[in-house]
Amino acid sequence: MTADITALDLEEAGAVLAAESARFASFGWMRGTSGNLSAVLTRDPLRLAVTASGHDKGELTPADVVLVDGSGGAVQGGKPSAEAELHARVAALTGAGAVVHVHTVASVALGHRHPGGIVFRDLEMLKGIGQPAHDVEVTLPVIANSQDMKVLGDRLEAAREPRMPAVVVAGHGLYVWGDSPRQARHHTEVVEWLLELELARR
């Protein structure tokens, strides 16, 4: 364990991430062992608690997290999610305190249909991500998938829309972030609602 992060700190973060995972799994957004979540524990140096790889996200315990560094490498614990490096990249790039990655049908379907990005306008739900409900267009970026997290991170950085705390990875799922696990959850639920509405319209 690092000097500034205790075992209790990691366990408390694990309890939060386990509760958030169970919530998303109950919606069908983290089926099987898919998806992953993270929470920033320290900023300098960057350290994150990330859900462990290969676990059913509806059954996580506070121990099912791994402490990773700013490159997504394990510092303490077992094997982190394969996407831990991207979580760390998002946290460093956006200043986020938590990152959510879910595999939703709406995000994958619309990512295929709108490879240039998904535009939302004139919807009250936009207030949930801090945007006006009217007279503004907000684009949810869509980026091509890659198994190389550095490549994926470069694509996310190039496409990122500062007014939209999320990005769709085509054929894969949705990444969303916020200042805290609670805000990241709210942003995830709002963005997914917007995606489901757009899917229903089509």
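Everything discussed here concerns the structure shown above.
Scope of this entry: the structure provided in the associated data block. (Residues numbered from 1 in each chain as written. Predicted model: local features only at pLDDT ≥ 70, side-chain atom pairs only at ≥ 80, totals over all residues. Heavy atoms only, no water.)

**Considering the pairing of strand E6 (residues 118-121)**
Right, so step 1: The alternating pattern of E6 places Ile118 and Phe120 on a buried face and Val119 and Arg121 on a face that is not buried.
Right, so step 2: Pairing of E6 with strand E7 (residues 137-140) involves four bridges; the strand directions are antiparallel. Its bridge partner being in E7, Phe120 is matched across the sheet by Val138. (Buried < 20%, exposed > 50% of the residue type's maximum accessible area, 1.4 Å probe, protein only. Helix = DSSP H or I, 4+ residues; strand = E, 2+ residues; numbered from the N terminus. Pairing = 2+ DSSP bridges.)

**Some words on the pattern of salt bridges**
Right, so step 1: This model, assessed by the stated rule, comprises nine salt bridges.
Right, so step 2: A salt bridge links Glu189 to Arg23; the nearest nitrogen and oxygen atoms lie 2.6 Å apart. Of this pair, Glu189 sits in helix H5 (residues 181-201) while Arg23 sits in helix H1 (residues 7-26), placing them 166 residues apart in sequence.
Right, so step 3: Salt-bridge contacts for Glu198 lead to Arg201; the nearest nitrogen and oxygen are separated by 3.9 Å. In this pair, Glu198 and Arg201 both sit in helix H5, three residues apart, roughly one turn of the helix.
Right, so step 4: Judged by its relative accessible area of 54%, Arg201 falls in the exposed class.
Right, so step 5: Each of Arg89, Lys150, Asp154 and Glu157 takes part in one network of salt bridges that share partners. (Salt bridge = Lys/Arg side-chain N within 4 Å of Asp/Glu carboxyl O.)

**Describing the nonpolar core**
Right, so step 1: Formed by 36 residues in total, the largest nonpolar core has its most connected members in Ile118, Phe120, Leu140, Met164, Leu174, Val191 and Leu195.
Right, so step 2: If one sorts the elements of this core by residue count, H5 sits on top with five residues.
Right, so step 3: Those residues in contact with Leu174 that sit more than four places away from it in its chain are Val100, His101, Val102, Ser107, Ala166, Val167, Val168, Val191, Glu192 and Leu195.
Right, so step 4: Of all hydrophobic cores here, the second largest spans 12 residues; its members include Val90, Ala96, Ile143 and Val167. (Core = buried A, V, L, I, M, F, W, Y, C linked by side-chain atoms within 4.5 Å. Contact = heavy atoms within 4.5 Å.)

**Some remarks on the sheet that holds strand E5 (residues 98-102)**
Right, so step 1: What the eight strands build is an open sheet, ordered E4-E3-E2-E1-E5-E10-E9-E8; its pairing is mixed. At either end of the open sheet lies a strand with only one pairing partner, and these are strand E4 (74-76) and strand E8 (142-143).
Right, so step 2: Here strand E2 (residues 46-51) runs beside strand E3 (residues 65-68); their pairing, made up of four bridges, is antiparallel. Residue pairing across strands places Ala49 opposite Leu67, the latter belonging to E3.
Right, so step 3: Along the sheet face, helix H3 (residues 105-113) touches E8, strand E9 (166-169) and strand E10 (173-178) and points at about 110° away from the line of E10. (Axes fitted to C-alpha atoms, helices over the stretch in contact; angles between N-to-C directions.)

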